[in-house]
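# Survey of secondary and tertiary structure
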Amino acid sequence: SDVKHIGDNGNQRKIFLRTTMPVRDGAKRPLVGVIDDGTKTVRFVIYEAERSDELVSYQMDKTEVQPQEGWSEQDPLEIMHHIKLCAENAIDQLVELGYTKDDIVTLGITNQRETTIAWDKYTGEPLHAAIAWNDIRTDSTVDAILAKIPDRNKNYFKNICGLPISPYFSALKMRWLKDNVKAIRRASRDKRLLFGTVDTWIVWNLTGGPQGGLHITDVSNASRTLLMNLETLNWDPILCRLFGIHRDTLPQIRSSSEIYGTVKDGSLLDGIRISGILGNQQAALVGQNCMQAGQAKNTYRSGCFLLYNTGTRRVKSTHGLITTVAYKLGPDVPAVYALEGSIAVAGGAMKFLRDNLRLMQDVAADTEHIAAQVFSTGDVYFVPAFSGLYAPYWRKDARGIICGLTAFTTKNHIIRAALEAVCFQTRDILEAMNKDCGMPLSKLHVDGRMTSNDLLMQLQADLIGIPVLRAQAWDMSTLGVALVAGGAAGVWGAEAARATHSDTFLPTTTDDDRDARYTKWKMAVQRSLGWATNKKSFTMTGQAKRKTSMVTQQSLDVPPTPGSRKSSLFDNLLDVKLDKNYDEEEYNSYVEELLQYSARKFSIFVPSKPRKKEHTILDDAEYFMSKKECDYGMCECCPPEKKIQTNWESIEEIIENDPEIIFDSDDNPIVVEPVRNSEPVFFTSISTGAANLSKKINLDKLPGVFKSIYNKISNSQLT
Ligand SMILES: Nc1ncnc2c1ncn2[C@@H]1O[C@H](COP(=O)(O)OP(=O)(O)O)[C@@H](O)[C@H]1O
Ligand SMILES: O=P(O)(O)OC[C@H](O)CO
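Structure report, in brief. Numbering of residues starts from 1 in each chain and follows the order in which that chain's sequence is written. The order in which chains are written sets their letters, starting at A; the order in which ligands are written sets their numbers, starting at 1. This being a predicted model, a pLDDT of at least 70 is required before a residue's local features are given, and a value of 80 or more before pairs of side-chain atoms are given or counted; all residues contribute to the totals for chains, interfaces and linings. Side-chain metrics rest on all non-hydrogen atoms present in the structure, leaving aside hydrogens and water.

### Let's talk about the environment of Leu 269
Here is the rule we go by: We count a stretch as a helix when DSSP gives it H or I for four or more residues in a row; a strand needs E for two or more, and each element gets its number in order from the N terminus. Relative accessibility under 20% of the residue-type maximum defines a buried residue, over 50% an exposed one, and the middle range a partly exposed one, all with a 1.4 Å probe and only protein chains included.
As for its position among the elements, Leu 269 is in the loop between strand E15 (257–262) and strand E16 (273–279). Look at Leu 269 and you get buried, because its relative accessible area is 1%. Distance from Leu 269 to Ile 91, taken between C-alpha atoms, is 9.5 Å for residues 178 residues apart in sequence.

The following block contains the structure:
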């Protein structure tokens, strides 16, 4: 490696450690083709086996449709069309290099995760546009689901599937499709409905579609649906019932690396095997060679996703991260898990500044240059919570803000603040990861198109205080899946050449400096929370008066009689016919037990504050803004000793304990405040099969009936 010191750029001193790229040795090798369906683009990339730099590639942009604010759709047919065209164009380039299509021995597929497609099994026709991962139309679907869950706790099923209930994940999109699209309900009734993430749609079409196409997915994609049990690696019956998704409509879950089948679609790819599937962020983890527990990578694209390999251990995050399957390298080997911090908007903020505010013309060419015109953001902070905040906050009610503007602020400051927002969000994730894993990360591997921005990389190192190692190429996802597909096809050995990093960015700031800036970032985040109330999202999505097939919150007041469809909290759950694989008796007791714990027995612990009839939005805003400066010790009024403390725990607690604003049937806002005054009692011993439910209970408010039920089930003496 040679070391380069690059002169001052603003006040950023950049330090690179450059390693050399792998050298091609001239020998002809088997080829591995990769289909990469991203949010914005489709690519077809071809690798020579065991070589980490791509041989040829071809890319096409996709059409993103936004029929309403917050909605984001894609055309499933366009995805298949682009895959074929990209493959043809990439294969054309092979000829000039002395290869032919027949040298491609196998295919891998990597894809945007969570994006959901529904189609007709017999005609192959999509029944609706694909609902993209970042679409937030399911806001009210989330609320309807939460209304069925004790304390409206979005993390209630995290023990089972690793995820919070959020519009991000596929189950919500499937539920929305069933609730809102007649054709889908009809197809479901006629047993013609198939659901899938994009990998499933692609494989089904490539392997014959209506003529015997394989309806499969891999564990990494399945773990993003909110329907997969992380332990059994299969669809979880309780979750399927909760969301009202029948297992017959879901694909079979397979490993990430095995020969699934052969292309049979009459295209140029006909006859080639398919042997690898990975969600694009998990694929980047493999591509970056973060295959040991304790290694992590961050991919900066439209969104930003930090994955930390935890080996075969499922680490449950208590700090807002999600647990996901990283990969499973064969049907008979154990799955490897990861903790993930998902950031919804990273590069997307640059696109927003270009397209919506017209602050620049070309993101790739202009961002770094413009941001480097100023030494700092001038205390401007930009929280790009366009569709809420994902990890670690999981607040769908957050919205974007730019704060700290003065008459001195220019577009240079704002663009720089957008870059810093990506870095601060990454620090949010690292803080949570360090707490969950108990050991701070010592370096961060990065990739993704945004990493070509040197200023961003330097700011990232400065704001997290550890070295940032940039991968040799921006795209590690296609390399990762080429590796697992090549492995299953026997052409890519485990010890073969993997990607190496090419540049290292070292931190140049002090701890105090970065902590002070981070405190300001947290304050900005605080101000973005609670902006989008349910009322707004209802108006935005035009669903205000829509009747869903979900039970409404009112039905919580009906005492559940297990087995009775009408009074059951899990009304629509019981609507779904029992799968023939279920043991009916076991199943019924399972559901019954869940009902016991999910019904109003728990919900009554939501504080029943007397409703102020005259409550207005302004009162709520006042609440949000009150005492925040003091909470951070940054106010004018507090004694100096308070000001020096920055207690991250308490800040997180404040965020966690923020009130949520909901609206009653007359559209009056109600502030739902979490219980704060009394000590919660924690017990975890209620075992309900796959669901291991635990609940925070306020003993003072515990009614006698609950105590008897609890004592009966848990065989203990709660008095
Ligand atoms: N030099 C750059 N500086 C900052 N942002 C960039 C730069 N180059 C690309 N981006 C941003 O990175 C994202 C590109 O990611 P890409 O991989 O094409 O998208 P996707 O995540 O949709 O697959 C875009 O949102 C773009 O705004
Ligand atoms: O295509 P990307 O890079 O935007 O990836 C999106 C993620 O997979 C969403 O979870």
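### Concerning the site of ligand 1
Worth spelling out the cut-off: One heavy atom within 4 Å of a molecule or strand makes the whole residue count as near it. Whenever a nitrogen or oxygen atom comes within 3.5 Å of another N or O atom, the pair is scored as a polar contact, on the condition that within protein one atom can donate a hydrogen and the other can accept it, and that pairs from neighbouring residues in sequence are kept only if both atoms are in side chains. In short, Shrake-Rupley with a 1.4 Å probe defines the accessible areas, and a residue's cover is counted only from the protein chains shown. In this classification, Asp, Glu, Lys and Arg are treated as charged, Ala, Val, Leu, Ile, Met, Phe, Trp, Tyr, Cys and Pro as nonpolar, and every other residue, Gly included, as polar.
Around ligand 1 there are 15 residues in total, and Lys 40, Arg 301, Ser 302, Gly 347 and Arg 449 lie nearest to it. Within the side chain of Ser 302, one N or O atom sits 2.8 Å away from an oxygen atom of ligand 1. In the environment of ligand 1, a nitrogen atom lies 3.0 Å from a nitrogen or oxygen atom belonging to the side chain of Asn 453. When the free accessible area of ligand 1 is taken as 580 Å², the share hidden by the protein chains comes to 91%. Contributions of two or more residues to the shell around ligand 1 are made by helix H10 (347–355) and helix H11 (363–371). A per-element tally of the shell around ligand 1 places H10 first, with four residues. For the shell around ligand 1, a count of residues per class yields four nonpolar, seven polar and four charged.

### Description of the packing of aromatic side chains
To be explicit about the condition: Stacked, tilted and edge-to-face pairs are distinguished by plane angle, under 30 degrees for stacked and over 60 for edge-to-face with tilted covering the rest, among Phe, Tyr and Trp rings (Trp via its six-membered ring) whose centres lie within 6.5 Å. We count a charge as sitting over a ring when the NZ of a lysine or the CZ of an arginine lies within 6 Å of the ring centre and within 35 degrees of the ring normal.
Inspection of the entire model under this criterion finds 18 aromatic pairs. Taken together, a centroid distance of 5.9 Å and an interplanar angle of 40 degrees make the contact between Phe 169 and Trp 394 tilted. With Phe 169 in the loop between helix H3 (158–161) and helix H4 (170–180) and Trp 394 in the loop between strand E21 (381–383) and strand E22 (401–403), the pair connects residues that are 225 residues apart, well separated along the chain. Pairwise contacts between aromatic rings join Trp 133, Tyr 168, Phe 169, Phe 305, Tyr 390 and Trp 394 into one cluster. Its end group placed over the ring of Trp 474, Arg 449 keeps NZ or CZ at 4.1 Å from the ring centre.

### A short note on the state of the cysteines
Chemically, a disulfide is nothing more than a covalent bond linking the sulfur atoms of two cysteines. So the rule is basically this: Our working definition of a disulfide is a cysteine sulfur pair at a distance within 2.5 Å.
The full count for this structure, using the stated rule, is zero disulfides. For the unlinked cysteine Cys 304, the closest cysteine sulfur is that of Cys 423, found at 8.9 Å. Lacking any disulfide linkage, Cys 403 is separated from the closest cysteine sulfur, that of Cys 423, by 16 Å. On the basis of relative accessible area, Cys 403 is assigned to the partly exposed category, the value being 21%.

### Notes on the packing of helix H9 (residues 280–287) against helix H14 (residues 477–488)
For clarity, the cut-off: Here an axis means a line fitted to C-alpha atoms, over the contact stretch when the element is a helix, while the angle between two N-to-C directions is reported on a 0 to 180 degree scale. Convention used here: angles under 35 degrees read as roughly parallel, angles over 145 as roughly antiparallel, angles from 65 to 115 as roughly perpendicular, and any remaining angle as oblique. By definition in these notes, contact holds between two residues if any of their heavy atoms fall within 4.5 Å.
The interhelical angle for the contact between H9 and H14, taken along N-to-C directions, is 75 degrees, at an axis separation of 6 Å. Here H9 is positioned roughly perpendicular relative to H14, judged by the angle of their axes. Residues Asn 280, Ala 283, Ala 284, Val 286 and Gly 287 of H9 pack against Ser 477, Leu 479, Gly 480, Val 481, Leu 483 and Val 484 of H14. Per-class residue counts for the contact of H9 with H14 are seven nonpolar, four polar and no charged.

### With respect to the site of ligand 2
By nearness alone, every residue bordering ligand 2 is listed as Gly 38, Thr 39, Gln 112, Arg 113, Glu 114, Trp 133, Tyr 168, Asn 280, Gln 281, Arg 301 and Phe 305. One of the side-chain nitrogen or oxygen atoms of Arg 113 is found 3.0 Å away from an oxygen atom of ligand 2. A distance of 2.9 Å separates an oxygen atom of ligand 2 from a polar side-chain atom of Arg 301. Relative to its unbound accessible area of 310 Å², ligand 2 is 99% covered by the protein chains. The class makeup of the residues in the shell around ligand 2 is three nonpolar, five polar and three charged.

### Some points on the sheet that holds E15
For the record, the criterion: Only strands that DSSP links by at least two bridges are regarded as paired with each other.
On the basis of which strands lie adjacent, the open sheet formed by six strands has the order E5-E4-E3-E7-E16-E15 and mixed pairing. Across the chains shown, the open sheet's two edge strands, defined by having one partner strand only, are strand E5 (56–61) and E15. The sheet shows a mean angle of 25 degrees between the axes of neighbouring strands, taken without regard to direction. With three bridges connecting them, E15 and E16 associate as antiparallel partners. Paired with Gly 261 across the strands is Ile 274, a residue of E16. This element, helix H1 (residues 76–96), spans strand E3 (31–37), strand E4 (41–48), E5 and strand E7 (104–111) of the sheet and lies at about 150 degrees to E5. Relative to the sheet, H9 contacts E7 and E16, its axis offset from that of E16 by approximately 100 degrees.

### Describing H9
In terms of burial, H9 is a largely internal element, eight of the eight residues being buried. Among the residues of H9, those classed as buried are Asn 280, Gln 281, Gln 282, Ala 283, Ala 284, Leu 285, Val 286 and Gly 287. Looking one or two places after H9, you find Asn 289, whose phi comes out positive at around 65 degrees.

### Overview of the pattern of salt bridges
Short version of the rule: The working definition used for a salt bridge is a side-chain nitrogen of Lys or Arg within 4 Å of a carboxyl oxygen of Asp or Glu.
This structure, assessed with the given rule, holds 30 salt bridges. Between Lys 351 and Asp 355 there is a salt bridge; the shortest N-O distance is 3.8 Å. Here Lys 351 pairs with Asp 355, and both are found in helix H10, just four residues apart, close to one helical turn. Given a relative accessible area of 31%, Lys 351 falls into the partly exposed group. Its relative accessible area of 29% is what places Asp 355 among the partly exposed residues. Between Asp 454 and Arg 470 there is a salt bridge, with its nearest N and O atoms 2.8 Å apart.

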